[in-house]
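Fold and contact review
Each chain, written out:
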Amino acid sequence: MSDGMRSDGNKLSNHMWTGRFYNDGVSSHDGLLDKLGEECGVFGVFGHPDAASLCYYGLHALQHRGQESSGVCTTDGSGFHYHRGMGLVKEVFDNDKLAALAGSSAIAHVRYSTAGESRLANAQPLIFKYRGGDLAIATNGNLTNAARIKEELERQGSIFQTTSDTEVVAHLIARSQHDDIVLAVKEALLKVDGAYAFLIQTKDKLIAALDPHGLRPFVIGRLGNAYLFASETCAFDAVGGTYYRDVSPGELLVLDINSAGMKEDRFAPIKQRAICAMEYIYFARPDSDMDEINVHSARKRMGRQLAIESFVDADVVTGVPDSSISAAIGYAEQTGIPYELGLIKNRYTGRTFIQPSQELREQGVKMKLSAVRSIVAGKRVVMIDDSIVRGTTSLRIVNLLREAGATEVHVRISSPPFMNPCYYGIDTPDRKQLIAAQKSVEEIRQAINADSLHFLSKEGLLSAIGRPEGETNRGHCTACFDNRYPTVITEETEIGCGCE
């Protein structure tokens, strides 16, 4: 078992938050590219002798969902073996560490921390001891009522060791009057609100649960006789597994070493289905399938629909790497305008501890992206991007293309204007920092120095994704575009952005 120490030998700080919400303050992940940040990925294995190694490769496939920390917890039926660390999966694990993680059942996690200090105490899976034995929990999402529950639990004597809302669920399980862990988990989940995909492990059980709205992606796979769980299907491909089905909203699945097969149960009825639309637009890998819809194909359809809604005569179409390339290909196919790699991403910048001056930060996009001068010089360029958040990066990229000789730059966005913060596990700025909440489309066009600007309509987006009609928003959460949140958002929730 291992946790982290600072290089000077002292334990990492156990600093707690100062506000009433878990994500008070300004995000520490502004970065050089003004993109939204996903909050984590989970991976689970049950019934495979190489569970730890499978988790390692599964987490690699989910690395795009979190780069702050990673962890794996295995069980051999008698106890836990676990390792967690700060950094990328390849930095946290090696052969020796994986060899020490014995067992045929495991849960694993990659984390994106969204506020304040990024520290090992919050790295998952979180490990607890209670009257029922050892308990490990990993989750993707955010509990919108965690602060209130935490305050109530503290008044009743609970002592919290982390700033993660995942620990709230552990305390609820531990305080349950039910000795049966499955009943205790059901009781705990009925008390929390928000978006979550949970993997909960004891020495002999693995439990998976998805929130009643199905806000976060969560899928089941098979590898021989073993069961797999993941945030995205691309993780199954990485370990040689196959997709079995999606976890249903409100569903609770139980695997027990003393029982054959997977017990399908539920802790709550399905509420308004509301899978996050931004998963299709931006977060998920293009080779993943969500609700049996391929992400790359959906993004191509978004690009085609965007071309139908906002054609412009131009010479080349280019996409901002990487998440916008699929939509750019669709736009080019629909219009007949050639698609070109007008922007190239530098994949070897890595993480940096340099704190640049504001002047250098304004030029910092060049560390990540380069314009291909021979492709865009003297050309009218259609630049496809998946979203505009603050607008700062869009301005830099437009200017990058102009500096490379583009005569016109027409910006097309394969999503509606992003106008509202997310409270369900996506790192978003305060509403005052969202440019679409403060400016009209024409004002945004001027701010980013584009010759024209168009966003994909919400109706066009939902049609392009392709989920069937009959449910509100075709079963998607589109609150970031239309302010229609599928769960109750209280004043307490709005104190923070809801991403911790």
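Predicted, not measured: the structure shown is a model, and the values here were computed from it.

Position of N122 relative to the elements: it lies in the loop between β5 (105-111) and β6 (126-130). Side-chain polar atoms of N122 contact the side chain of T163, separated by 2.7 Å.

Scored by pLDDT, the chain comes out at a mean of 88, with 86% of its residues at no less than 70. Scored below 50 in pLDDT, residues 1-32 shows 80 contacts in the model against residues more than four places distant or in partner chains. Below a pLDDT of 50 lies the segment residues 351-356, which in the model reaches 5 contacts outside its immediate sequence neighbourhood of four places, other chains included.

Another point: the environment of T472. Mapping T472 onto the fold places it in the loop between α17 (458-465) and β25 (476-477). Along the primary structure T472 and R273 are separated by 199 residues, whereas in three dimensions their C-alpha atoms are 7.7 Å apart. Setting aside residues no more than four positions away along its own chain, T472 makes contact with Q272, R273 and R484.

Within the secondary structure, E340 is located in the loop between α10 (325-335) and β19 (343-345). Assessed through its relative accessible area of 30%, E340 is described here as partly exposed. Sequence separation of E340 and V316 is 24 residues, and the distance between their C-alpha atoms is 6.3 Å.

Turning our attention to the sheet that holds strand β18 (residues 316-319). In space, the 4 strands of this open sheet follow the order β18-β21-β22-β24, with parallel pairing throughout. Every other strand in the sheet has two partners, leaving β18 and β24 (452-455) as the edge strands with one partner each. On average, adjacent strands in this sheet sit at an angle of 20° to one another, irrespective of strand direction. Across 6 bridges, the pairing between strand β21 (residues 380-385) and strand β22 (residues 408-413) is parallel. Directly across from V382, in β22, lies its bridge partner H410. Set on the sheet, α10 makes contact with β18, β21 and β22; between it and β18 the angle comes to about 165°.

Okay, the environment of V316 next. Structurally, V316 can be placed in strand β18. Spatially, the C-alpha atom of V316 lies 8.7 Å from that of M383, the residues being 67 residues apart in sequence. Setting aside residues up to four positions removed in sequence, V316 forms contacts with I337, P338, E340, I375, K379, R380, V381 and V382.

On the basis of which strands lie adjacent, the open sheet formed by 6 strands has the order β6-β7-β8-β9-β13-β14 and antiparallel pairing. The open sheet terminates on both sides in strands that have one partner only, identified here as β6 and β14 (262-266). Strand after strand, the sheet turns through a mean of 20° between neighbouring axes, direction not considered. Pairing of strand β13 (residues 251-256) with β14, which is carried by 5 bridges, proceeds in the antiparallel orientation. Residue pairing in the sheet places L255 in a bridge with M262 of β14. Relative to the sheet, helix α5 (residues 166-175) contacts β6, β7 (133-143) and β8 (194-201), its axis offset from that of β7 by approximately 135°. Sheet contacts for helix α6 (residues 181-189): β6, β7, β8, β9 (205-210), β13 and β14; angle to β9, the most-contacted strand, approximately 20°.

Rules used throughout
- Residues numbered from 1 in each chain as written.
- Predicted model: local features only at pLDDT ≥ 70, side-chain atom pairs only at ≥ 80, totals over all residues.
- Heavy atoms only, no water.
- Helix = DSSP H or I, 4+ residues; strand = E, 2+ residues; numbered from the N terminus.
- Polar contact = N/O pair within 3.5 Å; in protein donor to acceptor, adjacent residues only side chain to side chain.
- pLDDT = per-residue confidence, 0-100.
- Contact = heavy atoms within 4.5 Å.
- Buried < 20%, exposed > 50% of the residue type's maximum accessible area, 1.4 Å probe, protein only.
- Pairing = 2+ DSSP bridges.
- Axes fitted to C-alpha atoms, helices over the stretch in contact; angles between N-to-C directions.

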